[in-house]
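# A structural walkthrough
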There are 2 protein chains.
Amino acid sequence: MLTPNQIQDIVKQLFAEEQFIREPKALYEPVGYTLDLGGKRLRPTLLLAACDMFGGDWRQAKYAAIGIEVFHNFTLLHDDLMDKSPLRRGKETVYRRWNENTAILSGDTMFAMAYQYFIQQWHPNMEAILKTFVQTAIGVCDGQQYDMNFETQADVSIDEYMKMIELKTAVLLAGALKIGALYANAPQDDIEKLYNAGISIGLAFQLQDDLLDAYGDVKIFGKQTGTDIKDNKKTYLYLRALQIANAEQKHTLQTLFATTPQSPDKKIQTVLDIYRQTDIHTHVEKEIDRLFEQGQHQINEIGVDNSKKETILQMTNQLLGRNK
Amino acid sequence: MLTPNQIQDIVKQLFAEEQFIREPKALYEPVGYTLDLGGKRLRPTLLLAACDMFGGDWRQAKYAAIGIEVFHNFTLLHDDLMDKSPLRRGKETVYRRWNENTAILSGDTMFAMAYQYFIQQWHPNMEAILKTFVQTAIGVCDGQQYDMNFETQADVSIDEYMKMIELKTAVLLAGALKIGALYANAPQDDIEKLYNAGISIGLAFQLQDDLLDAYGDVKIFGKQTGTDIKDNKKTYLYLRALQIANAEQKHTLQTLFATTPQSPDKKIQTVLDIYRQTDIHTHVEKEIDRLFEQGQHQINEIGVDNSKKETILQMTNQLLGRNK
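It should be emphasised that the depicted structure is a prediction, and the values quoted were computed from it without experimental measurement.

For chain A, the count of helices and strands is 16 helices and two strands. For 324 residues, the compact-globule formula gives about 20 Å, and the C-alpha radius of gyration of chain A, at 20 Å, lands near that figure. Seen along its three principal axes, the alpha-carbon backbone of chain A occupies a region of about 60 × 50 × 30 Å. The buried share of chain A, reckoned over its 324 residues, is 60%. For chain A, the proportion of contacts with a sequence separation of at least 24, taken over those separated by at least 6, is 73%. Put simply, chain A shows about 13,500 Å² of open surface, and 46% of that area lies on carbon and sulfur atoms. On chain A, the mean spot of the 35 positive side-chain charges and the mean spot of the 43 negative ones are 2 Å from each other.

Residues and elements named next belong to chain A. Two elements in contact, helix 1 (residues 4-17) and helix 16 (residues 306-319), have axes separated by 9 Å at closest approach and are oriented at 75°. By the angle class used here, helix 1 and helix 16 are roughly perpendicular. Residues Pro4, Ile7 and Gln8 of helix 1 pack against Thr311, Gln314, Met315 and Gln318 of helix 16. Its residues assigned to classes, the contact of helix 1 with helix 16 comprises three nonpolar, four polar and no charged.

Right, let's talk about the interface of chain A and chain B for a bit. Across the contact, 38 residues belong to chain A and 38 residues belong to chain B. A per-residue breakdown of the area chain A buries against chain B is headed by Met82(A), Leu105(A) and Trp122(A), which together make up 16% of the total. Here chain A and chain B share six residue pairs in polar contact (both at pLDDT 80 or more) between them. Broken down by secondary-structure element, the contributors of at least two residues to the side of chain A that touches chain B are helix 2 (25-36), helix 4 (58-83), helix 6 (100-120) and helix 7 (126-152) of chain A. Counting residues per element, the side of chain A that touches chain B draws most heavily on helix 7 of chain A, which supplies 14 residues. Looking at the side of chain A that touches chain B residue by residue, the classes come out as 23 nonpolar, eight polar and seven charged.

This next bit is on the packing of helix 6 of chain A against helix 6 (residues 100-120) of chain B. Across the interface, helix 6 of chain A lies against helix 6 of chain B with an axial gap of 11 Å and an inter-helix angle of 15°. Of the possible angle classes, the one that applies to helix 6 of chain A and helix 6 of chain B is roughly parallel. Read as a crossing pair, helix 6 of chain A and helix 6 of chain B show a hand that is right-handed. For the pair formed by helix 6 of chain A and helix 6 of chain B, the contact residues are Glu100(A), Ile104(A), Asp108(A), Phe111(A), Ala112(A) and Tyr115(A) on the first element and Glu100(B), Ile104(B), Asp108(B), Phe111(B), Ala112(B) and Tyr115(B) on the second. For the contact of helix 6 of chain A with helix 6 of chain B, the class distribution of residues is eight nonpolar, no polar and four charged.

Residues and elements named next belong to chain A. Of the consecutive residues Glu23 and Pro24, the connecting peptide bond is found in the cis state with omega at -5°. Relative to the assigned elements, Pro24 resides in the loop between helix 1 and helix 2. Positive phi, close to 55°, is recorded for Arg41, a residue that is not glycine. Mapped onto the fold, Arg41 is located in the loop between helix 2 and helix 3 (42-53). With a relative accessible area of 13%, Arg41 lands in the buried category. A positive phi angle, near 60°, is found at Asn232, a position not held by glycine. Turning to its location among the elements, Asn232 is positioned in the loop between helix 11 (227-230) and helix 12 (236-244).

Take the relation of the copies chain A and chain B next. Superposing chain A onto chain B takes a rotation of 180° combined with a translation of 0.0 Å along the rotation axis, leaving an RMSD of 0.0 Å. What the superposition gives is, in effect, a two-fold axis relating one chain to the other. When the interface residues of chain A are mapped onto chain B, 100% of them again lie at the interface, so the same face is used by both copies.

A few words on the side chain of Asn101(A). With respect to the helices, strands and loops of the structure, Asn101(A) is situated in helix 6. Only 3.0 Å separates the side chain of Asn101(A) from the backbone oxygen of Met82(B), close enough to count as a polar contact. Residues within four places of Asn101(A) in sequence aside, it is in contact with Met82(B) and Met148(B).

Once that is clear, we can look at empty space enclosed by the protein. All names here are of chain B. Applying the stated criterion to the full structure yields eight cavities of 30 Å³ or more. Taken together, Tyr33, Thr34, Leu37, Asn73, Leu76, Leu77, Asp80, Arg88, Arg89, Glu92, Thr93 and Val94 make up the lining of the largest cavity. For the lining of the largest cavity, the elements supplying multiple residues, two or more each, are helix 2 (25-36) and helix 4 (58-83). In terms of residues, the lining of the largest cavity owes the most to one element, helix 4, which gives four residues. Here the residues of the lining of the largest cavity sort into five nonpolar, three polar and four charged.

Below, the discussion takes up helix 4 of chain A. All names here are of chain A. Over its 26 residues, helix 4 runs 36 Å from end to end, which matches the ideal 38 Å to within 8%, given 1.5 Å per residue. The element helix 4 is extensively covered by neighbouring structure, given that 22 of its 26 residues are classed as buried. Where helix 4 begins, the side chain of Asp57 points an oxygen toward the backbone nitrogen of Arg59, at a separation of 2.9 Å.

For the rest of this paragraph, the subject is helix 8 (residues 158-183) of chain B. All names here are of chain B. Here helix 8 spans 36 Å end to end across 26 residues, near enough to the 38 Å set by a 1.5 Å rise per residue. Along helix 8, the sharpest kink reaches roughly 50°, centred on Ala170. Burial within helix 8 is extensive, with 21 of its 26 residues counted as buried. Backbone geometry just after helix 8 places Asn185 at a positive phi near 55°.

Time to look at the pattern of salt bridges. Residue and element names in this part refer to chain A. Tallied over the entire structure, the rule returns 30 salt bridges over all chains. Between Arg59 and Asp57 there is a salt bridge, with its nearest N and O atoms 3.0 Å apart. Taking the relative accessible area as the measure of exposure, Arg59 reaches 47% and is therefore partly exposed. Under the relative-accessibility criterion, Asp57 is labelled partly exposed at 34%.

Thresholds, definitions, all that
Residues numbered from 1 in each chain as written. Chains lettered and ligands numbered in written order. Predicted model: local features only at pLDDT ≥ 70, side-chain atom pairs only at ≥ 80, totals over all residues. Heavy atoms only, no water. Helix = DSSP H or I, 4+ residues; strand = E, 2+ residues; numbered from the N terminus. Rg over C-alpha atoms; globule rule 2.2 N^0.38 Å. Buried < 20%, exposed > 50% of the residue type's maximum accessible area, 1.4 Å probe, protein only. Contact = heavy atoms within 4.5 Å. Areas by Shrake-Rupley, 256 points an atom, 1.4 Å probe, with all protein chains shown as cover. Lys, Arg positive; Asp, Glu negative; His and termini not counted. Charge placed at Lys NZ, Arg CZ, Asp CG, Glu CD. Axes fitted to C-alpha atoms, helices over the stretch in contact; angles between N-to-C directions. Parallel < 35°, antiparallel > 145°, perpendicular 65-115°, else oblique. Nonpolar A, V, L, I, M, F, W, Y, C, P; charged D, E, K, R; others polar. Buried area = accessible area lost by both parts, 1.4 Å probe. Polar contact = N/O pair within 3.5 Å; in protein donor to acceptor, adjacent residues only side chain to side chain. Left-handed = near helix turned anticlockwise from the far one by under 90°. Least-squares fit on C-alpha atoms with pLDDT ≥ 70 in both. 1 Å grid on protein atoms, 1.4 Å probe; cavity = no way out; pocket = protein on both sides within 12 Å on 5 of 7 lines; lining within 4 Å. Points joined across faces, edges and corners; volume = space filled by probe spheres on them. Expected span 1.5 Å × (residues − 1). Bend = angle between axes of the 7 residues up to and from the residue. Salt bridge = Lys/Arg side-chain N within 4 Å of Asp/Glu carboxyl O.

The structure is reproduced here in structure tokens:
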């Protein structure tokens, strides 16, 4: 069985060897730029680990691994344009470095390329593989729309928020695991367990991302801190704080999340103060723990030798900064 | 064999029965709006006609027919945003009726839906079908980029222009025909002939579209006349006029195509005057005739009974306004 390090090396090698820049250069240079920004390559890594866990040969799944990362980066590219985000992984976003039309068209092309990678090497399970991928892609679009809806929707429930991040983040992680398992001809019920584990861990991962956005270090995280607060994003932190806050704090939060001041520093500071007073950090950590353990449990239920689950379990630990 | 009218009725029925609006509404209403604008449904019609010509059952290809039209409408939606076009088929474009982010995300979703339709009903030739579709999609993106490059590129040759419209317009028509033929298990060499015919006829169709943009009636065409001139698009008309024009006319054309006046009426008029003086209309018509005949010839070479080719031939005649 491959270790997490071995799989990460394989993925690194795949992306180093792949040539993303084609003609016309003006279209593919932003594609290459986006894919060169790096990142953790989480989705291809999970995909190959799932394939390996069920005894599959990662070489059969390698183009799907590239394809899912190209798809993920396409969604980031268009999201950055829609959110008008200046930075991604500490570097200028495509729409800022080039322009909006380049961001639109290069993104569209990446989406087409993602499919191209998926079908580059045919597999007997291709119908299930592509159906999983398409459902994932549509889920991500739906999730992004709910996210945009919530910006102007006055009352967002925690359930609605969890459904949104499930679509926007968790289905792609879960989809990557499921696709990897399909390449290995895993049994249907094991595939479902792994998919559900991916959903739980994906939700935990997004809640952690919400935490980092509020408290994280801009140098480590590569994003500015407090952007969710600045952009009035009704994250889990905000929605949970509303539940816990007293009347005055609640009023302050709701008022601030209906404004967009020119310099947001004071607004961010006031919101973070309330988050501290209501001990939101602890509440969110508790929910992350619960989801994480649920995911671990779902992986433990899968019908392969425990020794084969080590790599996936280690990866999910790393993902959420757990020391095992 | 199905007649052109029968195939058009089938396609009309397919789109009338299909439900494009799902949840979240804010995402899918623009999708439904775009697909309800109608249009000739040319690509699904050609796809089903090609399937029928080779003795295939159109019912097997019906989701691909929907998928290719959804894909085409996705490209129109994003093109309208990139070109800042106010109207499409006489109605407001999505980015104007809603906003830019809605146009980006609804377009992305339509691209995902296109794939969803393609894989809805599996077929033994699915590998070739999807490879054709993906190659087509990437070609369309490449073509759109060349089109955008040409806006600022000083010297565009007629060869470069023809390559651009081949990618942007012709490969999708040719791809529709090829995919239809694949559903009918047509022989490889016949598929290539049909594909090449689609390229020739697609090029002729785009040159006719260029003509209509300059001379057409806004009511019939649903677009404003002279938009290519206004937008400094170096179309076949412009590039051919440069070849034929005298030094003074050439200078006027080049000067005008480097300006973007607030009210473009005078510019459009001056350019159209030069097109008339150089008899560009006749030159373009001649090239359209040549390409059209080339396409007809390629269809005639296909190894099925001539009687089976009648529908495709009639459709291409209709497409280019020829009376047979």
